[in-house]
Amino acid sequence: MFGVFDGHGGGEVARYTKKHFEELLLDVEEYKQSDFKEGLRKGFLKVDESLNSGGLEEVAKMKQDNPPSKSPLMKILTEVSKKKSAAGAAAADGGESAAAVETAEDGDDLALDSIGCTANVVMVDYTAHKLYVANAGDSRCIMGRAGNVVPLSFDHKPECEVEIARIEAAGSRVTEGRVDGHLNLTRALGDLKFKKKEELKAEEHPITANPDVFEYAFDEESDFILMGCDGVWETKSNE
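Residues numbered from 1 in each chain as written. Predicted model: local features only at pLDDT ≥ 70, side-chain atom pairs only at ≥ 80, totals over all residues. Heavy atoms only, no water.

1. A closer look at the sheet that holds strand 4 (residues 140-145)
Applicable threshold: Here, any two strands with at least 2 DSSP bridges between them count as paired. Only DSSP runs of H or I reaching four residues or more are called helices, and only runs of E reaching two or more are called strands; each is numbered from the N terminus. Convention adopted: a line fitted to C-alpha atoms gives each axis, helices being fitted over their contacting stretch, and angles between N-to-C directions are expressed from 0 to 180 degrees.
Strand order in the open sheet made by the three strands is 5-4-10, with antiparallel pairing throughout. A single partner strand is all that each edge strand has here, and the edge strands are strand 5 (148-151) and strand 10 (222-228). On average, adjacent strands in this sheet sit at an angle of 25° to one another, irrespective of strand direction. Pairing between strand 4 and strand 10: six bridges, direction antiparallel. Within the sheet, the bridge partner assigned to arginine 145 lies in strand 10 and is serine 222.

Have a look at this one:
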C-alpha cells in the first residue's frame, strides 16, 4: 500500500494519518472480508472518527512540539498585539486576565479544526492483479501502461458539479473558487470545522473525507504508478 497525504493548515493531520491509517483500515470489517473498495472508503472516514475521538489531542501535541515558524515581521506584530491585549485586560481588572488572554491567543493559534490533508492511496493486490485507488482531495495518481497514461484518480475541486451539489445541499457555498471562501478543494481528512452539523452524514458535509474508490486491473504492460500532491499536477500534465 502506498499513500500521499498532503497537509494544509499545518502538516499535523497528514502526519497523524500516516501514523494511524493502516491500523484504522485493518479494523474495518469490510476490509477484513476482502471488500477492499468499501473497506478503503470506510477507512478514510475512520480517520475523521479517530480525530474526533481523542486524536485531536495528539494533533495538538504535534503542533505544540513543532510550532509553525513565523517571519520576523509577523513575530513582532504578534508580540505587539499580545502586549496590547494584556495591557488592556490588566487595566480592566487589575491584571488578573493578562495570562488568560495570552493562553487564549495561543489556543487560537493551534486552530486544530482547520488542519487537514488530502489523501491518495493505492493498494496493490498482487494475487488478483488488481489496483485499488482511494482519493479524497486534489492529490493524484496515474499509471504508465504500454506507453500511454491511465488516470487512476480524479481531483475534487470546487468547480465540479457533483461537489457543488453536495456543498450547497449542506448549506455552504463556493465563493471565488473556495468552499465558504476558505479551501480550494472539496474533500479532505480533518478540516473538522466543516463537519460540525450533526444532522449530516459523514458523506454529506461540504468538506468530506468520503473518497472515490476505483478498481483497476494490471498486467505485464503496466509499467509504473506515479503519485503526487497538487503542487506536482499544477505544473505538470498527466502526460
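2. Concerning the pattern of salt bridges
Quick note on the threshold: Salt bridges, as used here, are contacts in which a Lys or Arg side-chain nitrogen is within 4 Å of a carboxyl oxygen on Asp or Glu. Note on exposure labels: buried denotes an accessible area under 20% of the residue type's maximum, exposed denotes more than 50%, and partly exposed covers the range between, all computed with a 1.4 Å probe on protein chains only.
One pass over the structure, following the stated rule, counts 18 salt bridges. With a shortest N-O distance of 4.0 Å, arginine 15 and glutamate 12 are connected by a salt bridge. In this pair, arginine 15 and glutamate 12 both sit in helix 1 (residues 12-26), three residues apart, roughly one turn of the helix. Residue class for glutamate 12 comes out buried when judged on its relative accessible area of 5%. What emerges from the salt-bridge pattern is a single network uniting Glu163, Arg166, Arg187 and Asp212.

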